[in-house]
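Structural overview
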Amino acid sequence: MKRRLSLFKNLNPKFSEETSVFLNGSMHKVLKLNLKKRTYEEIFVLPEERFPDKGYSHKLSDWIVNFAMTGNVHKDDIQSYLDFLNIEKLKIEFSQDVKKRSIRYRRNTHNEMRWVELDLIPVPNFSEKNQIVYLYTYDIHDSMSEELKTTKIMTSVAHSITKSFLCSVYLDLDHDTSKLIYANDIVKPYLDSSIPMRTFLKKSVEYFTSQAYMERMKDFCDLETLQDRLQGKDVINMEYIGTKGGVCRAIFYPVIYHRDGRLKSVIYANQYVEGELIKLRGQLETEKTLVECLTALSGTSDFDAATNKLLKSICNFYDGDRSYIFSINHQRQIAKNDYEWCRDTIAPKIDTHQNLPLSSITRLFDIMKTKDNVITTSRDDFAPDSIDAKLLDTYNITKFITVPFKNPDGTITGFLGIDNPKKNPDSEIVLRSAATYIQEEQIKQNYTKKLYELSYSDSMTKTYNRAAYIRDMELLAKETNHPAGILYADVNGLKTTNDTKGHEAGDKLISDAVALLRKYFNRKDDRIYRIGGDEFVVLSSDLFQKEFMTRVSNLKDELEHNWILSCGGKWFEGISDIDTSTKEAEKSMYKNKSDYYTAHPRTDRRQ
């Protein structure tokens, strides 16, 4: 499907390639809606969207209805489409801090009803006075089976053109061209929409920078050194004083790099930040803490250590006495303290909070049931004689903040908290984000664990499988001087059992055989592998040869009374070859198998 390129091509600095493909490949339109005035501004609209018979109108409410009722929306989707774009409902929802609303419907595209998604994303400072919402409509017909990950991209696009910027311009370093993305009413008269890139930067510095900062701004806008300064960074910026005396911030975002690493294009933006300076230090601390939290959990192989590091970061941010994570066991009606970080002057409590009755935190638990966000609670919020209050008094807690962990069905699975926070009381984002990071990482860890189990375990016997056996033997072979014992076992009479009593009986026979192996090889360094239908290998390490051979001998003694399997064990001072080592243990097993056939002469023998 042919699409017109827009000025948003390669706009987003962090997701540039994905944004470029997305906007230029499937986008129908991007609109800036003013719910208060019931008007909209076109950011990007395909030419065919403007035809009168397509419902084109500058009045928002007319456009919504006309578009739906003139054959553009599938008849079965018209009502849901109109309900979704009810302006009064949208005002209410976005005023309640809703971050995004989406709907999927079928629309007429080149005489074909194709599925599209319509996203509405409010500006971060949405309010009664500032009811600005960005609308994106894009084709998802060919990828309905996958969730499109576009929210961050679209939010970033909206951010790049929001009025918090004085101007935002796309610079193509290869062709020395500029494309003005956005300019507010103050600076717009001084900037051309499309002029040579170096001319734009020169004019921008000269028009808007005070004399005292002129040289510094020229250095900051030096394109010859820009690539080196952006190396390994998502953004660089510099504060300066403007010609009107206000504090501004100049920003470079890298957008596209060539394959050889050369910088191809950037976004250059200017913001007025006078009002931000009061909050700047606190924001920097917040951002630093969020980065620390995300970095601690990102790609970690040691979840426990990473979680403790995260708890330290957020406890320092709030200047609390102690930070902790509790899990909830609804069946046992207890809360368990899984992780804790506390200051040197504060006594740890994790050991005494392993089986905390939910009845002792009744009030807190009731509050968490009704709230999803951060909950700030003080000692005075509880009845003086309540169990909750007595618990707080015991540990000298006058105030604490918590955020619950919840399943999609609303069930509380635990909570993250800080005792006696002394600063940043209004910065809920750190605790809320930390809780989100932890929950997402726990989900990822659980999925990774399940995937690992599926890859290396036998689902029926819960033993390791052949893939795990090959992996572990190869690892052991690399440690040439690592002694180990190998026991090879074969279930007796499985074919006869399957043929005469059915496969259910055969499965039970295998399970009983595994239970017998576990009886004699139950240490953490004993690993049982199912390498075939009725064949098992036991690998024992970190023990003496005498102990291993005693275990093998005791197993064989029991098998004289219960011929459920045949086995043979072999000790190796070092394993250098998987097949050779296994075959030596297998030979020993066949001698034991011969004894089985002698005792059971009518048993069918497999070739």
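Relevant structure appears above.
Residues numbered from 1 in each chain as written. Predicted model: local features only at pLDDT ≥ 70, side-chain atom pairs only at ≥ 80, totals over all residues. Heavy atoms only, no water.

The next point concerns the sheet that holds strand β4 (residues 112-122). The strands that make up a sheet pair up through hydrogen bonds in the backbone, lying either parallel or antiparallel. Spatially, β2-β1-β5-β4-β3 is the arrangement adopted by the five strands of the open sheet, whose pairing is antiparallel. If you trace the sheet from one side to the other, it starts and ends with β2 (39-45) and β3 (101-109), each paired once. Strand-to-strand twist in this sheet, taken as the mean axis angle between neighbours without regard to direction, amounts to 25 degrees. Seen against the sheet, helix α2 (residues 60-72) touches β1 (27-34), β2, β3, β4 and β5 (132-139) and runs at an angle of roughly 45 degrees to β3. (Pairing = 2+ DSSP bridges. Helix = DSSP H or I, 4+ residues; strand = E, 2+ residues; numbered from the N terminus. Axes fitted to C-alpha atoms, helices over the stretch in contact; angles between N-to-C directions. Contact = heavy atoms within 4.5 Å.)

With that out of the way, let us pick up the sheet that holds strand β17 (residues 484-491). The strand order across the open sheet built from four strands is β18-β19-β17-β20, with neighbouring strands paired in antiparallel fashion. Strands at the two margins of the open sheet, each flanked by one partner only, are β18 (526-530) and β20 (565-572). The mean angle between the axes of side-by-side strands here comes to 15 degrees, regardless of whether they run parallel or antiparallel. In this sheet, strand β19 (residues 535-541) lies alongside β17 in antiparallel orientation, the contact comprising seven bridges. Residue Ile486 lies in a different strand from β19, and its bridge partner there is Leu539.

Moving on, we come to unusual backbone geometry. The backbone phi angle of Asp97 is positive, close to 70 degrees, even though this residue is not glycine. Assignment of secondary structure puts Asp97 in the loop between α4 (87-95) and β3. Even without being a glycine, Asn420 presents a positive backbone phi close to 50 degrees. You can see Asn420 is positioned in the loop between β16 (412-419) and α13 (428-456). The exposure class of Asn420 is buried, given its relative accessible area of 10%. (Buried < 20%, exposed > 50% of the residue type's maximum accessible area, 1.4 Å probe, protein only.)

Where β3 meets β4, nine bridges bridge the pair, whose relative direction is antiparallel. In the strand pairing of β4, Ile103 is matched with Leu118. Connecting β3 to the next strand, β4, in antiparallel fashion are two residues, including His110 with a positive phi near 50 degrees.

A large share of strand β15 (residues 399-406) lies buried, amounting to six of its eight residues. For strand β14 (residues 375-378) and β15, the ladder comprises four bridges, and the chain directions are antiparallel. Note that in β15 the partner of Ile375 across the bridge is Thr402. Taken together, the seven bridges between β15 and β16 define a ladder with antiparallel strand orientation. Each residue of the ladder has a partner; that of Pro404, found in β16, is Phe415. In this structure, the hairpin formed by β15 and β16 is closed by a connection of five residues, where Gly410 is found at a positive phi of approximately 95 degrees.

As a further point, take the pattern of salt bridges. If you walk through the whole model with that rule in mind, you get 30 salt bridges. A salt bridge links Lys75 to Asp76; the shortest N-O distance between them is 3.4 Å. In this structure, Arg198 and Glu224 form a salt bridge, with 3.6 Å as the shortest nitrogen-oxygen distance. With Arg198 in helix α6 (residues 197-208) and Glu224 in the loop between α7 (214-220) and α8 (226-230), this residue pair connects regions lying 26 residues apart in the sequence. Judged by its relative accessible area of 60%, Glu224 falls in the exposed class. Salt bridges linked by common partners bring Arg38, Glu88 and Lys91 together as one network. (Salt bridge = Lys/Arg side-chain N within 4 Å of Asp/Glu carboxyl O.)

Keep in mind that these numbers describe shape and distance, not what the molecule does.
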